Amino acid sequence: MTTMPAMSRWRVAGLVFVFLWFAIGGVAHFVATEAEMQIVPPWIPWPRETVWVSGAFELLGAAGLLWWPTRRAAGIGLFLLTLAVTPANVYMLQRADLFANVPYWALVARLPLQVVLLALIAWSTARPKAI
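Values in this document were obtained by computation on a predicted structure and should not be read as measured data.

Criteria and cut-off values
Residues numbered from 1 in each chain as written. Predicted model: local features only at pLDDT ≥ 70, side-chain atom pairs only at ≥ 80, totals over all residues. Heavy atoms only, no water. Phe/Tyr/Trp six-rings, centres within 6.5 Å; stacked < 30°, edge-to-face > 60°. Buried < 20%, exposed > 50% of the residue type's maximum accessible area, 1.4 Å probe, protein only. Axes fitted to C-alpha atoms, helices over the stretch in contact; angles between N-to-C directions. Helix = DSSP H or I, 4+ residues; strand = E, 2+ residues; numbered from the N terminus. Parallel < 35°, antiparallel > 145°, perpendicular 65-115°, else oblique. Left-handed = near helix turned anticlockwise from the far one by under 90°. Contact = heavy atoms within 4.5 Å. Nonpolar A, V, L, I, M, F, W, Y, C, P; charged D, E, K, R; others polar. Salt bridge = Lys/Arg side-chain N within 4 Å of Asp/Glu carboxyl O.

Colleague: Could you give an account of the packing of aromatic side chains, with specific residues and numbers?
Modeller: What the rule picks out here adds up to two aromatic pairs. Between Y91 and F99, the aromatic rings sit 6.1 Å apart at their centres with planes inclined by 85°, giving edge-to-face as the arrangement. Judged by relative accessible area, which is 13%, Y91 ranks as buried. By relative accessible area, which is 4% here, F99 ends up buried.

Colleague: An account of the packing of helix α1 (residues 9-31) against helix α6 (residues 104-125) is requested, with residue identities and associated values reported.
Modeller: Between α1 and α6, whose axes approach to 9 Å, the crossing angle comes to 125°. In terms of orientation, α1 and α6 fall into the oblique class. The handedness of the crossing between α1 and α6 comes out as left-handed. On α6, the residues touching W10, R11, G14, L15, F17, V18, W21 and F22 of α1 are L117, L120, I121, W123, S124 and T125. Looking at the contact of α1 with α6 residue by residue, the classes come out as ten nonpolar, three polar and one charged.

Colleague: Give me the lowdown on the packing of helix α5 (residues 86-94) against α6, citing residues and values where you can.
Modeller: At a closest axis distance of 9 Å, the pairing of α5 and α6 adopts a crossing angle of 155°. Looking at the two axes, α5 sits roughly antiparallel to α6. α5 and α6 meet at a crossing whose hand is left-handed. Taken together, the residues of α6 that come into contact with α5 (itself represented by T86, N89, V90, M92 and L93) are Y104, L107, V108, R110, L111 and Q114. When the residues that make up the contact of α5 with α6 are grouped by side-chain class, the tally is seven nonpolar, three polar and one charged.

Colleague: Quick one: what's the story with the pattern of salt bridges, residue by residue and with numbers?
Modeller: Taken as a whole and judged by the stated rule, the model has two salt bridges. The partner of R48 in a salt bridge is E34, and the shortest N-O contact between them spans 2.7 Å. Of this pair, R48 sits in helix α3 (residues 47-65) while E34 is found in helix α2 (residues 33-37), placing the two residues 14 residues apart along the sequence. The class of R48 is partly exposed, set by a relative accessible area of 28%. The partner of D97 in a salt bridge is R95, and the shortest N-O contact between them spans 2.8 Å.

This is how it looks when you write it as structure tokens:
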């Protein structure tokens with residue numbers, strides 16, 4: 001039987017943040033579907049289904065983080081999903097006029113914050129080195 005490798009407190013904190021980010025975000029895809037659909041670029045077909053599928057993947061990824069044997073795979077999936085939603089962030093910035101309720105600085109900050117999120121996902125879900 002294998003035991004879970006030790007993790008630093010910082011890595012656990014990062015993992016908790018990533019879990020909450022995707023668990024809450026995944027639920028939001030189903031609770032606020034209409035609002036989520038507004039950020040889907042118009043060239044992506046089936047915006048409602050796109051929101052539901054991405055929300056389901058967020059929830060599956062968050063659940064996968066909870067069990068260490070699936071944590072790395074969940075991290076890779078969430079990393080790829082985060083890359084896949086980049087067009088929504090770019091679209092919001094390009095069409096800031098459609099999102100007047102969001103401050104422009106927040107639209108600009110989304111892309112650099114996405115890079116930080118990607119780094120946090122990769123770091124917090126990496127397999128800890130054996131001691």
